[in-house]
Amino acid sequence: MTKDELHRYIEESKGNENNICQICAYKDGQMVYSDTWHDYKKDDCVHIMSATKSITALLIGIALDKGQIKSIDDKVLDYFPDYKVKRGEKTIYDVTIKHLLTMRAPYKGKGDPWSKVCSSDNWTYTSLDFLGGRNGLTGEFNYKTVCLHILTGLLYKATKMKTVDYANTYLFEPLGIKPYSVFIAKSAEEHKQFTIEKTPKENVWFCDTENLGTPGYGLCMSAEDMAKIGLLCLNNGVYNGKRIISSSWIEEMTHPRKIENQNWQGMEYGYLWWIIDRKKKIYAAIGNSGNVIYINPEKNNVITVASYFKPTLMDRVDFIREHIENIL
């Protein structure tokens, strides 16, 4: 398939690919492909959904590099001395930052408590209310989104900077990405519309009422800016000759950890990054609706796909490997 054929294939698609808005690809440090669909411009943004998690992992790494966070083995509660633990709760005292980064933190109840967290006055502390439980630290993979808000609350406690300000200063600006703004939904309906609307977005990060960015979703990016994130990781923390994050963090962040209950298409997990191929060291940021930052060190390429909301479409890695990677 040629690049022109790929454009027509997506343009005429009636299946999973019909929500793709932008694709960008780099090989050997050079942009070799960039295209758009659905009247999107190259600098328009989409809500990249859970791929936000992987950006959050980079911010945690930067804070570690700066000594603002001492260690990912730190207990989570060390950063919230004023938080009042629920009566009878014991497990929460042993939960570490690493448990959050690897999705192995225990929580009470099933599913994500969206309504309780997002309607509360303090999303971080309400999320902490769900952390722990009678089963203790099982070490089982337990994928959560809204309760991950603990991480940006912790980042704020450690750095004294709000999420968007921290990201702008230490990640986006060094990458040449234009500054981000806070977006706060005024109602549950506006929150829903932010997630599902198909029109282009600005450079915004969805935040709670205290201007803390949601770490599990909520970041809006273009495919070309997503590719800059990918290049930073591919080059072990260096972008345009400038070190932005330590190579040791990139290596640790992308170290594969097996998932016991294989409901995740055989993938493994790092620190909020999905490990696609352990042997080839291929990894990706993956968000619902098929938003992906795909990094393949073996072929020295980065491929990003930005897509508007389409329910039940979780993964586009196979499409990238079959239809995009082969034409670079």
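Not measured: the values here are computed from a predicted model. Here the residue index of a chain counts from 1 through its sequence in written order. Per-residue local features are limited, in this predicted model, to residues with pLDDT of at least 70; the limit for side-chain atom pairs, both in listing and counting, is 80 or more; totals at the level of whole chains, interfaces and linings are taken over all residues. Working from all heavy atoms in the structure, the side-chain values ignore hydrogens and water.

## Focus on the environment of Leu128
Working step 1: Under the DSSP-based scheme used, a helix requires at least four consecutive residues in state H or I and a strand at least two consecutive residues in state E, with every element numbered from the N terminus. Relative to the elements of secondary structure, Leu128 occurs in helix α5 (residues 123-130).
Working step 2: Remark: exposure states derive from per-residue accessible area (1.4 Å probe, protein chains only) relative to the maximum for the residue type, with buried under 20%, exposed over 50%, and partly exposed in between. Exposure remark for Leu128: the relative accessible area of 0% places this residue in the buried category.
Working step 3: When the C-alpha atoms of Leu128 and Leu148 are compared, they prove to be 9.3 Å apart, with 20 residues separating the residues in sequence.
Working step 4: We call two residues contacting when some pair of their heavy atoms lies within 4.5 Å. Setting aside residues up to four positions removed in sequence, Leu128 forms contacts with Val76, Phe80, Tyr83, Ile92 and Ile150.

## Points about the packing of helix α2 (residues 52-65) against helix α7 (residues 163-172)
Working step 1: Interaxial distance between α2 and α7 falls to 10 Å at its minimum, and their mutual angle equals 75°. Regarding the angle of α2 to α7, the classification is roughly perpendicular. Residue-level inspection shows Ile55, Leu58, Leu59, Ile62 and Ala63 of α2 in contact with α7, the latter providing Thr163, Tyr166, Ala167, Tyr170, Leu171 and Phe172.
Working step 2: Asp, Glu, Lys and Arg are counted as charged, while Ala, Val, Leu, Ile, Met, Phe, Trp, Tyr, Cys and Pro are counted as nonpolar; the rest, among them Gly, fall into the polar class. Partitioned by chemical class, the residues of the contact of α2 with α7 number 10 nonpolar, one polar and no charged. Only the contacting stretch of a helix is used when fitting its axis, a line to C-alpha atoms as for every element, and angles between N-to-C directions run 0 to 180 degrees. Any angle that is under 35 degrees is reported as roughly parallel, and any over 145 degrees as roughly antiparallel; angles of 65 to 115 degrees are reported as roughly perpendicular and all others as oblique.

## Considerations on α5
Working step 1: Most of α5 sits out of view: seven of its eight residues are buried.
Working step 2: Three or more residues of α5 are buried, namely Trp123, Thr124, Tyr125, Thr126, Ser127, Leu128 and Phe130.
Working step 3: Each element contacted by the buried residues of α5 is listed here: α4 (114-118), α6 (149-159), α8 (188-196) and β5 (204-206).
Working step 4: A 3.5 Å cut-off defines polar contacts: any pair of N or O atoms within that distance qualifies, except that in protein one atom must be a possible hydrogen donor and the other a possible acceptor, and neighbouring residues in sequence count only when both atoms are side-chain atoms. Its side-chain oxygen at 3.2 Å from the backbone nitrogen of Thr124, Asn122 defines the N-terminal cap of α5.
Working step 5: Backbone geometry just after α5 places Gly132 at a positive phi near 110°.

## Topic: the side chain of Ser34
Working step 1: Along the chain, Ser34 falls in strand β2 (residues 30-36).
Working step 2: Engagement of the side chain of Ser34 in a polar contact is seen with the side chain of Glu224, the distance being 2.8 Å.

## Notes on the packing of aromatic side chains
Working step 1: Stacked, tilted and edge-to-face are the three classes applied to pairs of Phe, Tyr and Trp rings, where Trp contributes its six-membered ring and a pair requires centres within 6.5 Å; stacked means planes under 30 degrees apart, edge-to-face means over 60, and tilted covers the rest. Tallied over the full model, the rule gives 18 aromatic pairs.
Working step 2: Here Tyr269 and Trp274 contribute two aromatic rings whose centre-to-centre distance is 4.7 Å and whose plane-to-plane angle is 70°, an arrangement assigned as edge-to-face. Residue Tyr269 shares its accessibility class with Trp274, and that shared class is buried.
Working step 3: Joined through ring pairs, the aromatic side chains of Trp114, Trp123, Phe183, Phe194, Phe206 and Tyr217 make up one cluster.
Working step 4: Only lysine NZ and arginine CZ atoms are considered, and such an atom sits over a ring when it is within 6 Å of the ring centre and within 35 degrees of the ring normal. Here the guanidinium or amino end of Lys162 rests over the ring plane of Tyr156, the centre of that ring lying 5.1 Å away.
Working step 5: Above the plane of the ring of Phe194 lies Lys201, whose end atom (NZ or CZ) is 4.4 Å from the centre.

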